[in-house]
Structures are given as structure tokens and as C-alpha cells.
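Close look at the chain arrangement
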Amino acid sequence: MRETTQLAKLFSDHTVSQLSTARVLVVGAGGIGCELLKNLAMSGFHTIHSIDLDHIDLSNLNRQFLFQRRHIKLSKSQVATGAITRFNPRVHASAEQANITNTQYDVDWFAQFDIVLNALDNLEARRHVNTMCLAARVPLVESGTAGYLGQVTVIKGMRTECFECQPKPVERKTYPVCTIRSTPTTPIHCIVWAKDYLFAQLFAEHPGDMDEQETAENADELRALREESRALAKLAGAMGTRDFARLVFEKVFDEDVARLLSMKDMWAQRRPPTVLDFSALNEQSGFDPEHPDDHAVLDPKDWCALFVHSAERLAQRRLAMDQSTQGGLVFDKDDDDTLHFVAATANLRSLAFGIEQKSIFAIKAMAGNIIPAIATTNAIVAGMMVMQAILVLSQRISECHTSYVTYGKRARCIIKEPLAEPNPRCPVCRRRYLTLRVRDCTQTTLGDVLDFTKGLGSDRDLQLGDDISVVEGTRMLYDPDFDDNLSKPLHELGLVSGKMVTLTSEDDDSIVPVILSIATAKSQDLLSIEGYESVPIFAPLPQLGPMDGVESDDEDDVVANDFVVDGSGAIVLEDDDDVSAVSSISEELSKRKLDEISVISQDAPKRRAVSDEESDDVVTLD
């Protein structure tokens, strides 16, 4: 075909052959994902698997060109892969509509691919894919866009920086808890209450109070908030019953509002709220909660119907997670159930407090801190991703770069720099990744695993010492002073195929921790560990000086050419269609101050600004 002939001229016949047999995983089928899938299909890649959780929305059609109006509400990944097979019938494209963080996508699942390309708009998912690719030893091409800005880089364990080598700044807008809880005045106050408080209290794995430091002034408010949280926790017993949604509604829109109204002084200079009547709002209206109009401000009765419908669906999902030990739910703007619950709840609260109501589409943008996506930026980034993937698969990773799409006064809109080396203090890639194969997680205990790791021969010694701690995520499972879980089966602890546990030495901080990726056994052995031959030997960490890790106020550390060059110089961009600005890119973005979304790290290699004689755009490594 024409595209293979062109590629053979650019690279070689051998490279074209490699691309035709490579197994490629594309995570995300949105703005970047559509462009990326099309490029792959037309560039000689024949085996492509796409995974995306989302459905197609009307708002996607202005930039995700593989989708048409008739595809609305259908799976993004399935429609996109169907489209590219029509472009190139020789492509074997498969698709799944699922969450990439599900435990079914374990280290063995990732290891079946030759390369992974990320087109995600979710920070949690991007971190997860980064970790899984390190564990499976699969190269990853990471990407992101934010308006007119874009970035592409290659991640390969022990060769380059991983996604976590430079910390991602998350400027989270905070609001006084008394405002959120008692006296909201704007739609965003109601959205924060619905998303960060009510949704979290009812459906999250580890619900917590909205973050605020307790002071003498807010102590009463925080105490009342904790009491309300305990009252909501008691409603968990009704989860899954027909009365669950009604009980929650009456608690937050009747009892709690009535309690606020009893505080007469609070409403002396404010408009008092109104108690909402569930029976009056829950009347049949002909509204279909399965297919609400995302761009309309609904009638109060319709908001109530959407609240009941989404609360019941989320309750069923939460109960199913409890039974499978998968933890709790997390708000995702692309998850209809979570979005509809937050939208309905926020608008009912706005109704009670006399605040302007918003459409589901508007709340999606506000709850996700969305920056509008630009189709041209997505196309440029997707093209750069394919070029980087070709270099990786042809064993030319030394020729790969971190590439940036910029906008403004620069002579060129695309600049590049060499791939950075791993941060020696990275908490993710400075780890020894091994695969723990377990024959039966219902019979094998945590104590069995620890005994097995301690009993390994010297040729497979994990070198962790006698005293170790075991952590899964943020959960402490074992340390020398806490051994309650040793006799518990792995399944009871939620440690099933797809999960990871970290083993850390309690004796010596210089010993590199071990991460065990739990996977299904391939032999009759009850326990086995794989991957020793690929575990690198890490150089000892240099001793930190007295000023290491301390931010500098010296303006000379920053080169005034749009990019911060001290430390990492890495631009933190959140991807994609309806970009989730996890990095809280501020309004200054319109002024193209990229230092607002850059990171400075004392641990990364120093970058310098290249003189005008060399290049007015490129930032290189010393």
C-alpha cells in the first residue's frame, strides 16, 4: 500500500515489517485518541487495541472526527476502531469500553503489547498506566494537550524519566468549609459540595471531610460537618434498597436545611434557603433519566428524577465493589452516573439556596476544571506520537525526543529536547518491579508471601533485611509493629491479580523497595516470583546537601524564554478532549506563561538555555 511505500523510503523495509507485526495499545479514544488511531492505521500498524471508558457526547463532534451524530451514546473506542478499519481493511483493530485501572488489566495483560500510547485526560489513569508499563517493561509514549499547548515524550524504564519523575503541581482551589456547608452563594459552591462532600461520603472508599485546617473560628462548623458525615455514613445500610435515594434526599435537602434555618442570626443579612419536599418533586413527569439533555437546565422534578436514578445506580455499583473488594467509587467527569449524581445534587442545592442552576454540560466543565481542546493541537500531538512510536519499535530510542507544541511569539511552534534520564529519587521508577504469581488468593495468606520472599536463595535475594513493611496504595498491611494481617488470605485483603504491593526495608532507607505485581500462576507452584533477570542494579543515592530540596527564590534560576529550565523544565499538560486541568492551569495560560504549569526539581539534571546563535527555541541537557 501507499503508506508502507512512503514509510520504507523514510525508514526501511525492515522497519515497515516491524510495524506491521507490532501489537499496539492505545489508551483513550477522545481528541488525541481519534487522531492517533487514524494515524496508526494509515502508517503501517496492523494490530491495534483501543480502550476507553467513555461514550460519545454531542460536544465531542466538533473535534473527534471519527464520530458522527448517529454515534452519540455509543462507545468511543468501539466506534473509533470500526472507523479505522474502514480506512485500512488490513488493520486488525479491537476495542474495549472499560476503565484501564481495573484489576483485570494486570501486568500480564500489559506485557502482551509491544508499545503503549497514552491519550488520556485523567491524572490517576496516567499514573496507573505509567506504573503498569514499568512493571511490564513495555515502552510508553505519553502525551497531553491544553488548548494550543501540547507535549509528547517517551517513557522506558531505566532509560528515561517516567511520568512521576517530576512532581505534578496540583493547585486545588479551596473554599471555606462554612461557605460550602452552610452559606453557598455560587454554582461552584454547590458543585464542590456535591462532588467533594456528598458523593465522597456516600460512595468513596475512604470518605473524608473537605480539607480545611481547624481553627478557633471554624471549629464549630467542622464539628457539625463531622456529625453530618456520621449521619450520612449510617445511611449506607440502606444502600441498594428502594428507600436509599429518598433517605439521602430528605437528609440533605430537608433535615439539614431545616437545621440551618433554625439559626436565625445566619440569615439576618442573607436570603434563607428553602426546604425541598421529596414527595412533591418526585412526581412522574415523563422525564427519561437515562437520556437527559446535557445542554439544558432541567425542571426541578427532572433534577429529582435524575438524582434518584443516579443514586440508585451508584449504590448498586458501590455494593458490587464491596463484594469484589475493589474499593470505592471515584468521581469521573466521563462517567455518566457520577456526573449525573453531582449535577442533579448540585442543582437541587442551588434550588434550595436560590442560586442559578447549570446544565449537565456546564457542570462537567466546572467539576473537571476543563480547558477547551483544540483539534489542530490534537492532530499535531498525535502525529508526533506515531513518529516516536516508530523510532521506539525500530530500536532507535536514542533518537527520540520530548517534543512541545507551543504558541505565541516563538518563531517555531514545535520544539524538542533530548529525553531526560530517570530522576534518581523518583518514588515510582526507582523501584525493583517483580511479578508475584499466586495460585489461589483465597488460600494464600500475607504471611505465606512474606515467608516465601524471605526463603528465597541468595541468587534471588530481595535484600530487604529482616524487618520490612508491606504497603498497598496508601494502606499499611504489615510492619514489625503491626502484624494483624499476616494470617488473612490475600483475597480478603483485596490483594488479587492486578494489584501491587510494595515491600520496603525498615532497617535501611538506602535499599531500593520492591514492588510485587500480583498475577495468576502459570505453574503448579503455590507462589513464584518472576523478573529477577530484568531488575537493574541501582547506584547509591548521593547525600543531600543542606539546601537540597529547598526552593530557590533566585530569579536567575529561570530563563525568561517561556520555559522554566532549572530542574526538570518539564511542562505538565493534561490531555485531551475536554482537557481535565488536574494541574490547575490558571487564567495566566492565556498569556502563555508556561512557568505556571512547569515543575522545578532539585533532583533532575540541570537544563540550560541555548544561546541565540545555537537556537532561539531549543532547551537541551548539559
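Coordinates for the structure precede this section.
The following refers to the structure shown. Note that the structure is a prediction, hence the values are computed from the model and not measured.

**What about the overall build of the protein chain?**
Across its full length, the protein chain carries 16 helices and 18 strands. Counting over 622 residues, the protein chain shows a buried share of 53%. Sequence-distant contacts in the protein chain: of pairs separated by 6 or more residues, those separated by 24 or more amount to 71%. Per element, the accessible surface of the protein chain, about 28,400 Å² overall, is 48% carbon and sulfur.

**Regarding unusual backbone geometry**
A negative phi holds for most residues other than glycine; trans holds for most peptide bonds. Its identity as a non-glycine residue notwithstanding, Lys73 has a phi of 80°, on the positive side. Inspection of the secondary structure assignment puts Lys73 in the loop between strand E2 (47-51) and helix H4 (76-87). Owing to a relative accessible area of 31%, Lys73 belongs among the partly exposed residues under this scheme. A positive phi is found at Gln395, a non-glycine position, where the angle reads about 60°. Mapped onto the elements, Gln395 comes out in the loop between helix H15 (375-393) and strand E8 (401-405).

**Focus on the packing of aromatic side chains**
Applying the stated criterion across every chain yields a total of 16 aromatic pairs. With 6.4 Å between their ring centres and 80° between their planes, Phe199 and Phe331 make a pair best called edge-to-face. On the criterion of sequence distance, the pair formed by Phe199 in helix H8 (residues 187-203) and Phe331 in the loop between helix H12 (300-324) and helix H13 (336-353) is long-range, its members being 132 residues apart. Its relative accessible area of 3% is what places Phe199 among the buried residues. The class of Phe331 is buried, set by a relative accessible area of 15%. Between the aromatic rings of Phe203 and Phe244, the centroid separation amounts to 6.3 Å while the plane-to-plane angle is 70°, which identifies the pairing as edge-to-face. Here the residue Phe203 occupies a position in helix H8, and Phe244 occupies one in helix H10 (residues 244-261), the gap between them amounting to 41 residues. Take Phe203 and Phe244: they sit in the same class, and that class is buried. Put simply, the rings of Trp193, Tyr197, Phe199, Phe203, Phe244, Phe249, Phe253, Phe278, Phe307, Phe331 and Phe341 pair up and form one aromatic cluster. Over the ring of Trp193 we find Arg349, and its NZ or CZ is 4.2 Å from the ring centre.

**Considering the pattern of salt bridges**
Using the criterion set out here, one finds 21 salt bridges in the structure. Between Asp108 and Arg437 there is a salt bridge, and its shortest N-O distance comes to 2.7 Å. Of the two residues, Asp108 is situated in helix H5 (residues 107-111) and Arg437 in strand E10 (residues 432-438); the sequence distance between them amounts to 329 residues. Through salt bridges with shared partners, a single network forms among Asp121, Lys333, Asp334 and Lys364.

**Topic: the nonpolar core**
Ranked by size, the top nonpolar core spans 53 residues in total, and within it Leu198, Phe203, Phe244, Phe249, Phe307 and Phe341 carry the most contacts. Elements with a contribution of two residues or more to this core: H8, H10, helix H11 (278-281), H12, H13 and helix H14 (360-367). With near-sequence residues (within four places) excluded, Phe307 lies in contact with Ala245, Val248, Phe249, Phe341, Ala344, Thr345 and Leu348. Within the second largest apolar cluster, 44 residues are counted, among which are Leu19, Ile32, Ile48 and Val381.

**Here we look at helix H16 (residues 446-454)**
Restricting attention to buried positions, one finds in H16 the residues Leu446, Gly447, Val449, Leu450 and Thr453. Buried residues along H16 cover an arc of 160° about the axis, so they all sit on one side. As for H16, its buried residues are in contact with E10, strand E11 (468-472), strand E12 (475-478), strand E13 (500-505), strand E14 (514-520) and strand E15 (527-530).

**Describing the environment of Asp483**
Inspection of the secondary structure assignment puts Asp483 in the loop between E12 and E13. Sequence separation of Asp483 and Ser469 is 14 residues, and the distance between their C-alpha atoms is 9.9 Å.

**A short note on the packing of H8 against H14**
The interhelical angle for the contact between H8 and H14, taken along N-to-C directions, is 75°, at an axis separation of 10 Å. Taken together, the axes of H8 and H14 are roughly perpendicular relative to one another. Taking contact as the criterion, the partners of Pro187, Ile188, Ile191 and Lys195 in H8 are, on H14, Ile363, Met366 and Ala367.

**Topic: the sheet that holds E14**
Pairing between the strands of a sheet comes from backbone hydrogen bonds, and it takes one of two forms, parallel or antiparallel. In spatial order, the strands read E12-E11-E13-E14-E10-E15; together these six strands make up an open sheet with mixed pairing. The two strands at the open ends of the sheet, each matched to only one other strand, are E12 and E15. On average, each strand axis in the sheet is tilted by 30° relative to the strand beside it, whichever way the strands run. Relative to E14, E10 runs parallel, the two sharing seven bridges. Across the sheet, the residue bridging to Leu436 is Ile518, located in E14. Relative to the sheet, H16 contacts E10, E11, E12, E13, E14 and E15, its axis offset from that of E15 by approximately 55°.

**A short note on the environment of Ala41**
Looking at the secondary structure, you find Ala41 in helix H3 (residues 31-41). Spatially, the C-alpha atoms of Ala41 and Arg90 are 8.6 Å apart, while their sequence positions differ by 49 residues.

Calculation rules
Residue numbers here run from 1 along each chain, matching the order of that chain's written sequence. Local features in this predicted model are restricted to residues of pLDDT 70 or higher, and side-chain atom pairs are both shown and tallied only at a pLDDT of 80 or more, whereas totals for entire chains, interfaces and linings draw on every residue. Only hydrogens and water are removed before side-chain values are computed, so all heavy atoms of the structure are retained for them. Secondary structure elements follow DSSP: runs of H or I of four or more residues count as helices, runs of E of two or more count as strands, with numbering from the N terminus. The rule is simple: take the accessible area with a 1.4 Å probe, protein chains only, and divide by the maximum for that residue type; under 20% is buried, over 50% is exposed, in between is partly exposed. It only takes one pair of heavy atoms within 4.5 Å for two residues to be counted as in contact. What sets the accessible areas is the Shrake-Rupley method with a 1.4 Å probe; for residues, cover comes only from the shown protein chains. Stacked, tilted and edge-to-face pairs are distinguished by plane angle, under 30 degrees for stacked and over 60 for edge-to-face with tilted covering the rest, among Phe, Tyr and Trp rings (Trp via its six-membered ring) whose centres lie within 6.5 Å. A ring is considered to have a charge above it if a Lys NZ or an Arg CZ atom is located within 6 Å of its centre and within 35 degrees of its normal. Should a side-chain nitrogen of Lys or Arg be within 4 Å of a carboxyl oxygen of Asp or Glu, the pair is scored as a salt bridge. In these notes, a set of buried Ala, Val, Leu, Ile, Met, Phe, Trp, Tyr and Cys residues joined through side-chain atoms within 4.5 Å is what counts as a nonpolar core. In this description, the arc belongs to the directions extending from the helix axis to the C-beta atoms. In this description, a line fitted to the C-alpha atoms serves as the axis of each element, helices being fitted only across the stretch in contact, and the angle between N-to-C directions of two axes falls anywhere from 0 to 180 degrees. Comment on the angle field: the value is read as roughly parallel under 35 degrees, roughly antiparallel over 145, roughly perpendicular from 65 to 115, and oblique elsewhere. Criterion used throughout: strands pair if DSSP finds at least two bridges between them.

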